[in-house]
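Next come the chains, spelled out residue by residue.
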Amino acid sequence: METHLLNLCMGIISVPSTNLRYYEPKSICEHLQYLFALLQNSNRKYIDPSGLVKALGLDTGQQQDAQEFSKLFLSLLEDTLSKQKSPSLQNVIQQQFCGQFFYVTVCNQCGRSSALPSRFYELELNIQGHKSLTECVTEFLKEEKLDGENRYFCESCQSKQSATRRIKLNSIPPTLNLQLMRFVFDRQTGHKKKLNTFISFPEQLDMAPFLEGKQDQKCVYELSAVLIHRGISAYSGHYIAHVNDALTGDWYKFNDEEIEKMEGKKLQLGIEEDIAETVKSQSRKPKCSKGYHCSRNAYMLVYKLQEEEGVNPSRPNMEVPAFLQRLVDQDNHKFEEWCTEMADMRKQSVDKGKAKHEEVKELYQLLPARDGEQYDFIPLDWLKKWLDDSTATKEIDTSLFLCCHGKLHPDKVGDCKRVSLHAASVLYKRYGGGPRLDGSSLCRECVSQRCRVLRLKNQLNEDYKEIANMVKQPVSEGYWVGKASLRSWRQLALEQLEEEEHETKHGSSQTNGQGPHTNNCKEFSPEFSGGGDDEMKTFNEDILCSHGGLSILDSERKLVSTDVWTKLREYFSRAPEFTQNQEPCRQCMTLEQEEKDNEAVSKMMALDQKNQLLNLFHEKNRPTLTKWPQGTDVLYIVPLYFVDEWRKFIRRPTKSSPVSNVGNTLLLCPHGGFMFTYDSLINGEAQHIALLWPHEWDVISRLFIVDTPISISCLPESTASSSTTQYTTQPDLCWECRESFLFQQQKDLREYTQATIYIRKVIDDNRAVKDAPPEVNASSSEAEEEREELPKMEGDPDFSQSQDGVKRMKLSDGSAASPAALPVSTMTKAGGIRRSTRHRKLRGEKALIVSANQTLKELKIQIMHAFSVAPFDQNLSIDGKSLTDDSATLGSLGVIPESIICLKADEPIADYAAMDDVYQVRMPEEGFKGTGLLGH
């Protein structure tokens, strides 16, 4: 086979050119023969195939699939060679790579058999569900049933009949290309994906069992090449080829321009297979028998027909024609010129370095400026580069050392070096640049500004004391000053002076064009200002309204005397100024009156809506799905979010916005179908919805905009033997979106990161410590809202329970059950209005941040730091199930976000340091980044 391919190369390279004198490759064949000539006699380490790629018409901006390229290349090459005059070249592609098989179809009705011949250049083998190459070939040739819409038109029966079809291999080429179909279409995503299935393939492949009626044909093949695709995506990755030299038996790895000879005489794929791929579910590599190889990245296999025993293959001598050798010589000459040019550039660099060294020796003694002599300022960084760099130095740039007046900035003097006038003149003459800075270039204005700022900073404390005393005196006439500004004016002034100082350092004596007493200063520290003043950046801006006038909030301002205002103006020259007689902003007064009118309307609206939906507001007499109410066959559904927002408006009509629409689209999928079933609603998903009586729905339809009505109906069905109840929804359930929702929900529970769980320390009988009331970690307003949302103990008994243990659920025997002993699902009301979802922690309970891939051992270490209980003293359980496998992940143990884990401790060690010594386990540093405590 090696000899055949070399003969193919020799045949292509020997194709004569029509213009031998001015030969330039244009066609695919010409570029290919020039490429072969370069590979044979070029002085380069590797060859650039851009000419051939352009002739093939390939888009270099896209990755060409290896299988697609193989088909394209052989097709174009076959078409090109078929036009040659030499008979040996016309059919060389078919002779070397082309085989034949028949599509054999047998009619099930009459038994008629028909065979349709077809040529192939490679066999495309499905690998999904297979482990070996033999299984793949067997499936390729297996019998296929044609029935239903895919029936076969039988010419004998003159009608469509059920039939069987199979592929019958007739002849196999000397070079057998096997394409492993690793890229398949994913119906769920609509894109191709890569199969990372391990496939075993032999070094020697016997195709005799797959041929029919060809007993005399040679059928034993030897593995000649393997193409590897590295990467997890079907749209990206990297190809690496392993090729065997038939004459020596050596294997070579071709990785772009890198060519590596493999050790030994055997193919080695282990290195490529061990490269880490970000595949979620990597299968373990199976054990391979002797004479076999296993790969999950092998993409194309090439087998050659085994040579007869006793035949010693010899490599033919490929001579390059003169017209091609001339092009090769020209390319070698260009390459040698480039090498010479690189060597010259290296020599020039060395020569420049030597010249620079002589220049530095010449000027080094002239640089220092003696006392009394004239001098120039040269940037220190430029001088360092000039001394260190052997290459050409840039021109001298002193523009960064200038202030806004075009002079040398006083703070930049330390970044310059004073050199003699003679040395500076030589440097500027050789390198250029500027402007030149001599001894008279220092900016006097910037120096004066710096001195003024320092003086004001020293005077600030005295003025602060004086103004503090003056403000205490009664005032009958003066100016309005914001109370927050008055409390923090010293800090504002100090920061403003520091900002001026900072701006002066950067070459500007002004801040946003406001002059030395600018009001544009940085945000000041909270410790110098009163509460709520953190956002104020300009003095007296706290009494400005949004329209730029005097604020109508007279409680936020104070009247100060003219003397106080005069002193303050020394520091804040552009502060907003309002005299005692200044009227507040008329626009704000109008808006305030409108707001009062709107509040009155909102109160009336809230009262009217509350009276019409009184039971919905108080959560009385609510319908439930678990006990369908008699007397009605339909209930209506709205999002729980709508009810919560509506109740907030009813409670605080002046603080909350009115609710205008229901928004049932939240409960529907993009196709308009309902997202919940009756069973799912009674099993925990009712927390997303609220149920309404028909008369309540009539009221809501009048009061609010409803995008899509949603209802659930109860339809009793009676038969002779039994009676059943059917529940239907309108709109109907969308099963496709429902399944996607459940799949994503399960995935989130398995793969969560940075989620909160609760550790509840219990004593005997699984009771919370001291059965204490919950610790409400909320602001006063939030706590008030929670109290208002507590359920009334009236109406349906299903609503007489609380979620988080504030009140006990009544059991059938009248005893009280701790919420810690109840599963999460029982603590959520089925149907009706959901209570607040904020988790109320009990005393002795702490919240931890965990991830699904975290081990139980790591969780125990977190619990040790939170509760001072050593890991070996911790007895953990969730929903009554003990957690004992320290190496298991929290996801595998069923610990989901918001889970409550009960901790029962066995006489914990009091000495925290002793616990560390006993356990001697620390979580890795990165583990602490993702885990922590909430609320000790």
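A quick note: this is a predicted structure, and the numbers were derived from the prediction, not measured. (Residues numbered from 1 in each chain as written. Predicted model: local features only at pLDDT ≥ 70, side-chain atom pairs only at ≥ 80, totals over all residues. Heavy atoms only, no water.)

### Points about the confidence of the model for the protein
So, point 1. Scored by pLDDT, the protein comes out at a mean of 76, with 78% of its residues at no less than 70.
So, point 2. Note that pLDDT drops below 50 for residues 769-837; the model gives that stretch 122 contacts with residues more than four away or on any other chain.
So, point 3. Below pLDDT 50 for its whole length, residues 910-936 participates in 45 contacts with residues either more than four positions away or in separate chains. (pLDDT = per-residue confidence, 0-100. Contact = heavy atoms within 4.5 Å.)

### Topic: the sheet that holds strand 23 (residues 437-438)
So, point 1. Taken in spatial order, the 3 strands line up as 21-19-23 in an open sheet, and their pairing is antiparallel. Among the strands making up the open sheet, the edge pair consists of strand 21 (416-420) and strand 23.
So, point 2. Relative to strand 23, strand 19 (residues 375-379) is paired through 2 bridges, and the arrangement is antiparallel. Bridging from a neighbouring strand, D376 pairs with D438 of strand 23.
So, point 3. Contacts from helix 10 (residues 380-388) reach strand 19 and strand 21 within the one sheet, and its direction differs from that of strand 19 by about 75°.
So, point 4. Seen against the sheet, helix 11 (residues 421-431) touches strand 19 and strand 21 and runs at an angle of roughly 50° to strand 19. (Pairing = 2+ DSSP bridges. Helix = DSSP H or I, 4+ residues; strand = E, 2+ residues; numbered from the N terminus. Axes fitted to C-alpha atoms, helices over the stretch in contact; angles between N-to-C directions.)

### Focus: the environment of L32
So, point 1. By secondary structure assignment, the location of L32 is in helix 2 (residues 28-41).
So, point 2. Measuring from C-alpha to C-alpha, the distance between L32 and G51 comes to 8.9 Å, with 19 residues separating the pair along the chain.
So, point 3. Beyond its immediate sequence surroundings of up to four residues, L32 is in contact with I12, L52, F73 and L77.

### Considering a negative patch on the surface
So, point 1. Residues E336, E337, E341 and D344 make up a contiguous surface patch of negative charge.
So, point 2. Counting through the fold element by element, E336 comes out in helix 9 (residues 322-364).
So, point 3. In this structure E336 comes out as partly exposed when scored by relative accessible area, which is 44%. (Patch = residues over 30% accessible without salt bridge, like charges linked within 9 Å, V, L, I, M, F, W, Y side chains within 5 Å. Areas by Shrake-Rupley, 256 points an atom, 1.4 Å probe, with all protein chains shown as cover. Salt bridge = Lys/Arg side-chain N within 4 Å of Asp/Glu carboxyl O. Lys, Arg positive; Asp, Glu negative; His and termini not counted. Charge placed at Lys NZ, Arg CZ, Asp CG, Glu CD. Buried < 20%, exposed > 50% of the residue type's maximum accessible area, 1.4 Å probe, protein only.)

### A closer look at a nonpolar patch on the surface
So, point 1. On the surface, a cluster of nonpolar side chains totalling about 230 Å² of accessible area is made up of V243, F254 and I259.
So, point 2. Structurally, I259 can be placed in strand 16 (residues 258-261).
So, point 3. Residue I259 is classed as exposed on the basis of its relative accessible area of 52%.

### Considering the nonpolar core
So, point 1. In terms of nonpolar packing, the biggest core is built from 37 residues, with L176, F201 and Y303 touching the most fellow members.
So, point 2. Taken together, the elements giving at least two residues each to this core come down to strand 3 (123-126), helix 7 (133-140), strand 7 (163-171), strand 8 (175-181), strand 11 (199-202), strand 13 (220-230) and strand 18 (298-305). (Core = buried A, V, L, I, M, F, W, Y, C linked by side-chain atoms within 4.5 Å.)

### Quick word on the packing of aromatic side chains
So, point 1. Counted under the stated rule, the structure contains 19 aromatic pairs.
So, point 2. Judged by centre distance (5.9 Å) and plane angle (35°), the rings of Y464 and W489 are tilted. Of the two residues, Y464 sits in helix 12 (residues 444-471) while W489 sits in helix 13 (residues 483-505), which places them 25 residues apart along the sequence.
So, point 3. Residue Y464 is classed as partly exposed on the basis of its relative accessible area of 28%.
So, point 4. Under the relative-accessibility criterion, W489 is labelled buried at 2%.
So, point 5. Linked through ring pairs, F101, Y103, F120 and F140 together constitute an aromatic cluster.
So, point 6. When the ring centre of W480 is taken as origin, the NZ or CZ atom of R557, which lies over that ring, is 4.6 Å away.
So, point 7. Positioned above the aromatic ring of F867, the side-chain terminus of K846 is 4.8 Å from the ring centre. (Phe/Tyr/Trp six-rings, centres within 6.5 Å; stacked < 30°, edge-to-face > 60°. Lys NZ or Arg CZ within 6 Å of the ring centre and 35° of its normal.)

### Some details on the pairing of strand 18
So, point 1. Burial runs high along strand 18: 7 of the 8 residues are buried.
So, point 2. Two strands pair when backbone bridges link them, and strand 8 and strand 18 are joined in this way by 5 bridges, in the antiparallel orientation. Across the sheet, Q179 pairs through a bridge with M300, a residue of strand 18.
So, point 3. Where strand 13 lies against strand 18, 7 bridges are found, and the strand directions are antiparallel. Bridge assignment links A225 to a residue of strand 18, and that residue is V302.

### Things to note about the pattern of salt bridges
So, point 1. Applying the stated criterion across every chain yields a total of 16 salt bridges.
So, point 2. Between K261 and D250 there is a salt bridge; the shortest N-O distance is 3.4 Å. Of this pair, K261 sits in strand 16 while D250 sits in the loop between strand 14 (238-244) and strand 15 (251-255), and the two are 11 residues apart along the sequence.
So, point 3. Classification of K261 by relative accessible area gives partly exposed; the value is 48%.
So, point 4. A relative accessible area of 8% places D250 in the buried class.
So, point 5. Taken together, the shared-partner salt bridges in this structure form one network comprising D463, E466 and K567.

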